[in-house]
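The residues making up each chain are set out below.
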Amino acid sequence: YRGLATLIIACPCALIISIPVTVVSALARLAQLGVLVKGGAQLDRLAKVNIIAFDKTGTLTMGQPAVTAIRGKDCAHPVAANDDCIVCEDVVAIAATVETASEHPLAQAVVASARSRGVSDRWPQAANITAHLGRGVSGELAGERIAVGTHELFTHGADHGADCTDEVCTEAAGLQATGRTVMLVGRGKNMLGYIGVEDEPRADTRAALEELHALDPQLKTVMLTGDNRNVADSIAQQIGGIDEVRAGLLPEHKQSVIRELQARGTVAMVGDGINDAPALAQADIGIAMGGGGTAQAMETADVVLMQDNLHAIATALRLSRLASTVVKQNIALSLGLKLAVLALAIPGIASLWLAVLADVGATLVVTLNGMRLLRAK
C-alpha cells in the first residue's frame, strides 16, 4: 500500500505537461494577436532578448520612398519631383529600364516617378539585369551598360564604366548630407545624373520604440541600414529611441554586425527584405515584417509580424517573458506539491487517495495555470 502511494505521487505527469501546455497557450495567444512564432524553442529565446537590431527601409520607415529631386548632367540645377525637364525625364526613363525588374522600394520609387511623368515606355526594358546587393543594379540597353546605384557601385565596379568625379557626383554627395538617399545614373562611360529619394518613418515607430524601452529599460536598440551615415542619422533623429546606428552596410556587413552584437547579449533582428535574410538567419531571433516583407525574409525568420505592427514586438517580448515565468511556476508547483506528499507517503502517513488527489490536482493546477496565457492582454 505504501509502495503504491509512493509510485502514484512519483508519477511525472504534472511535470511533463507543465511546459508544453504553457508554450502552446502562448503561441496560440500570440497568433491571435498577429504574431506568428514558429516554435517553443524560438519562444524561449525570444524571452531572453536584450538587444534588438532594426533594418531601416520597410521596417522603421514606410518602405515606400518617393523621388523628391532629379538632376541631369546638362541641367543648370536640380528639379523637384514634379517639375518639367526633358533632360531629367530621360534620366528617370533610363533608370527605370533596369529598376523595373527590381522589387526594392527605391527601385519602385524610380519606376513610379517614370510612370507619373509618362516616360516609363520611352525605352525598352534593359537586358542582363544584375542586382549588386547594397549598391544598386545594372543592365544593358542598346549595347551600352546602364547602372543605377550608390557612389560605391561606380567606384568599385570596373564594368560600370561611368566616371563619378564631376559636378553631378559632388552635388549628389551634398544632397546626401541633407538626409536623402541619392542614386547615380550612368550610361556607358557617361554619368547622366542623379535621383534623390526620401522615405518617411512609420507613424507608429516612435511609440513602438518607447514601448520597448518602457518594457525593459536595459533593452538596447540598433538601426542597421545600407544608406549613408547622414540619411541614417536623420531617420534616427526623427524617430528617437535608437541607441546605436550602423550605416553603409551591405547584407554581409549586417550579418557581421549581428555576430558582433551577439557577443553582448541575445539579439533579435527585425527586417523585411531579401537583403535582411542573412542577418535574420544569424540573429538569435529573426523577426520579419509579414505584411510587406519578402518571402525570403519570412521563410528565414523565427517570428513573423502579420500586420507589420511594430507594437507587436513589445507584445511578443512581454508574452514570451510571461510564458517563461509561468513555466517556472508550473515546475515549482508540480515538484513542490509532489515532494510534500511524497514526504508523507514514504513513512505511510499519506493515504492512497491523498496520493491520487495530489497527482491529479498538480496536473490540473499546472494545466490551468498555463492555459491562462490564452487570455493574456
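Conventions used here
- Residues numbered from 1 in each chain as written.
- Predicted model: local features only at pLDDT ≥ 70, side-chain atom pairs only at ≥ 80, totals over all residues.
- Heavy atoms only, no water.
- Salt bridge = Lys/Arg side-chain N within 4 Å of Asp/Glu carboxyl O.
- Helix = DSSP H or I, 4+ residues; strand = E, 2+ residues; numbered from the N terminus.
- Buried < 20%, exposed > 50% of the residue type's maximum accessible area, 1.4 Å probe, protein only.
- Axes fitted to C-alpha atoms, helices over the stretch in contact; angles between N-to-C directions.
- Parallel < 35°, antiparallel > 145°, perpendicular 65-115°, else oblique.
- Contact = heavy atoms within 4.5 Å.
- Nonpolar A, V, L, I, M, F, W, Y, C, P; charged D, E, K, R; others polar.
- Pairing = 2+ DSSP bridges.
- Phe/Tyr/Trp six-rings, centres within 6.5 Å; stacked < 30°, edge-to-face > 60°.
- Lys NZ or Arg CZ within 6 Å of the ring centre and 35° of its normal.
- Expected span 1.5 Å × (residues − 1).
- Patch = residues over 30% accessible without salt bridge, like charges linked within 9 Å, V, L, I, M, F, W, Y side chains within 5 Å.
- Areas by Shrake-Rupley, 256 points an atom, 1.4 Å probe, with all protein chains shown as cover.
- Lys, Arg positive; Asp, Glu negative; His and termini not counted.
- Polar contact = N/O pair within 3.5 Å; in protein donor to acceptor, adjacent residues only side chain to side chain.

Draft legend 1. Focus on the pattern of salt bridges. Within the structure shown, the criterion is met by 17 salt bridges. Note that Arg45 and Asp302 form a salt bridge whose closest N and O atoms lie 3.8 Å from each other. Taken as a pair, Arg45 in helix 3 (residues 40-47) and Asp302 in the loop between helix 13 (295-300) and strand 14 (303-305) lie far apart in primary sequence, 257 residues in all. The exposure class of Asp302 is buried, given its relative accessible area of 13%. Members of the salt-bridge network, linked through shared partners, are Glu244, Arg246, Glu260 and Arg264.

Draft legend 2. Focus on the packing of helix 1 (residues 2-9) against helix 15 (residues 352-371). Two numbers describe how helix 1 lies on helix 15: the axes approach to 8 Å, and their chain directions differ by 5°. One element, helix 1, and the other, helix 15, form an angle in the roughly parallel class. On helix 15, the residues that touch Leu4, Ala5, Ile8 and Ile9 of helix 1 are Leu352, Ala355, Val356, Ala358 and Asp359. A class-by-class count of the residues in the contact of helix 1 with helix 15 yields eight nonpolar, no polar and one charged.

Draft legend 3. Focus on the sheet that holds strand 10 (residues 220-224). Spatially, the seven strands line up as an open sheet ordered 1-14-13-12-2-10-11, and their pairing is mixed. The open sheet terminates on both sides in strands that have one partner only, identified here as strand 1 (35-37) and strand 11 (244-246). Strand-to-strand, the axes of this sheet are offset by a mean angle of 20°, without reference to chain direction. Sheet strands in contact with helix 14 (residues 311-345) are strand 1, strand 2 (51-55), strand 12 (267-271) and strand 14, and its direction is about 155° off that of strand 2.

Draft legend 4. Main features of the packing of helix 3 against helix 14. The contact between helix 3 and helix 14 brings their axes to 8 Å, and the two run at 105°. Relative to helix 14, the element helix 3 lies roughly perpendicular. From helix 3, Leu43, Leu46 and Ala47 reach across to helix 14, where they touch Ala316, Leu317, Ser320, Arg321, Ala323 and Ser324. Tallied by class, residues from the contact of helix 3 with helix 14 come to six nonpolar, two polar and one charged.

Draft legend 5. Main features of the packing of aromatic side chains. Under the criterion given, the structure shown has zero aromatic pairs. Directly above the ring of Trp123 sits Arg187, whose terminal nitrogen or CZ lies 4.7 Å from the centroid.

Draft legend 6. Just the pairing of strand 3 (residues 66-72), in detail. Counting buried positions along strand 3 gives five out of seven residues, so the element sits mostly inside the fold. Relative to strand 9 (residues 190-198), strand 3 runs antiparallel, the two sharing six bridges. In the sheet register, Ile70 faces strand 9, and the bridge partner there is Ile195.

Draft legend 7. The environment of Ala31, seen in detail. Within the secondary structure, Ala31 sits in helix 2 (residues 13-32). Residue Ala31 is classed as partly exposed on the basis of its relative accessible area of 46%.

Draft legend 8. Broad picture of the side chain of Thr59. Residue placement: Thr59 occurs in helix 4 (residues 56-60). If we ignore the near neighbours within four places in the chain, the residues touching Thr59 are Phe54, Arg202, Val270, Gly271, Asp272, Met289 and Leu310.

Draft legend 9. How the structure looks around helix 2. Taking 1.5 Å of rise per residue, the 20 residues of helix 2 would be expected to cover 28 Å, and the 29 Å separating its terminal C-alpha atoms lies within 8% of that figure. Here helix 2 has its buried residues at Ala14, Ser18, Val21, Thr22, Val23, Ser25, Ala26, Leu27, Arg29 and Leu30. Against strand 1, helix 3, helix 14 and helix 15 lie the buried residues of helix 2. Downstream of helix 2 by a residue or two, Gly34 has a phi angle that is positive, lying close to 90°.

Draft legend 10. Seen up close, the pairing of strand 6 (residues 136-141). Across four bridges, the pairing between strand 5 (residues 127-132) and strand 6 is antiparallel. Each bridged residue has a counterpart across the sheet, and for Ala131 the counterpart in strand 6 is Val137. Between strand 5 and strand 6, which pair antiparallel and follow one another directly, the connecting turn spans three residues, one of which, Gly134, has a positive phi of 80°. Two strands pair when backbone bridges link them, and strand 6 and strand 7 (residues 144-149) are joined in this way by six bridges, in the antiparallel orientation. Bridge assignment links Gly136 to a residue of strand 7, and that residue is Gly149. A loop of two residues connects strand 6 with strand 7, the two strands running antiparallel in sequence, and Ala142 in this loop sits at a positive phi of about 55°.

Draft legend 11. Up close: a nonpolar patch on the surface. A cluster of nonpolar side chains, namely Val360, Leu364, Leu368, Met371 and Leu374, defines an oily patch on the protein surface of about 440 Å² accessible area. By the secondary structure assignment, Met371 is in helix 15.

Draft legend 12. How the structure looks around the side chain of Asp199. By the element assignment, Asp199 lies in the loop between strand 9 and helix 9 (205-215). Salt bridges are absent for the buried Asp199, whose nearest opposite-charge side chain, Lys56, sits at 4.7 Å. Side-chain polar atoms of Asp199 contact the side chain of Thr61, separated by 2.5 Å. The contact partners of Asp199, leaving out residues within four places of it in the chain, are Thr57, Gly58, Thr61, Met62, Gly63, Gln64, Pro65 and Ile235.

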